[in-house]
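# A closer look at the structure
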Amino acid sequence: MRRPNVDVLIACLGGAMLAAGVVAGLMMRLGSRRIADARMSLPQLAKAIVGNSRTVVAAVLGPPRIATFVGSERPVRDYRDADVWYYPIPRVGRMGMAIRFSNGNAETVEFFDAPRR
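### What about the nonpolar core?
Membership of the largest hydrophobic core comes to 17 residues, with the highest contact counts inside it found for Ile-49, Val-57, Trp-85, Met-97 and Ile-99. The set of elements that each furnish at least two residues to this core consists of helix H3 (42-49), helix H4 (54-61), strand E2 (84-89), strand E3 (95-102) and strand E4 (105-113).

### With respect to the packing of aromatic side chains
Each pair of aromatic rings is reported with the distance of its centres and the angle of its planes. Scanning the model with the defined rule gives 3 aromatic pairs in all. Judged by centre distance (5.3 Å) and plane angle (65°), the ring pair of Tyr-79 and Trp-85 falls under edge-to-face. The class of Trp-85 is buried, set by a relative accessible area of 0%. An aromatic cluster is present here, built from Tyr-79, Trp-85 and Phe-101 joined pairwise through their rings.

### Concerning the sheet that holds strand E1 (residues 66-68)
Reading across the sheet, the 4 strands line up as E1-E2-E3-E4 and stay open at both edges, with antiparallel pairing between neighbours. The open sheet has two edge strands, E1 and E4, and neither has a second partner. For this sheet the average axis-to-axis angle between neighbouring strands, irrespective of direction, equals 20°. Looking at chain direction, E1 and E2 are connected through 3 bridges and run antiparallel. Residue pairing across strands places Thr-68 opposite Val-84, the latter belonging to E2. Most of the contacts of H3 go to E4, to which it runs at about 160°, and overall it touches E2, E3 and E4.

Cut-offs applied
Residues numbered from 1 in each chain as written. Predicted model: local features only at pLDDT ≥ 70, side-chain atom pairs only at ≥ 80, totals over all residues. Heavy atoms only, no water. Core = buried A, V, L, I, M, F, W, Y, C linked by side-chain atoms within 4.5 Å. Buried < 20%, exposed > 50% of the residue type's maximum accessible area, 1.4 Å probe, protein only. Helix = DSSP H or I, 4+ residues; strand = E, 2+ residues; numbered from the N terminus. Phe/Tyr/Trp six-rings, centres within 6.5 Å; stacked < 30°, edge-to-face > 60°. Pairing = 2+ DSSP bridges. Axes fitted to C-alpha atoms, helices over the stretch in contact; angles between N-to-C directions. Contact = heavy atoms within 4.5 Å.

Here it is, written out as structure tokens:
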């Protein structure tokens, strides 16, 4: 079993968010073609999250904006019990991140573009 390493997760998250912030600033000056650079750091973020417990993920990222159960329409009373947590990633365009948990640990991380209004 992989031991959670909060320092590594925080470092990767910080690096990813810093890169996203820098790229967002460049985008304003250079145009949206630079958004690809920020997206390059997302796999590192996913790798840092996978294997960590809900407690560690919540300690680093905070509570998710949305949490759901897979294959069920029952309401989520406490996000810590949910199967999937969703976070917005506004500095990398209109993106979101879904973290799926299995047996209390992050199993997969997916990034997706938010739909246009």
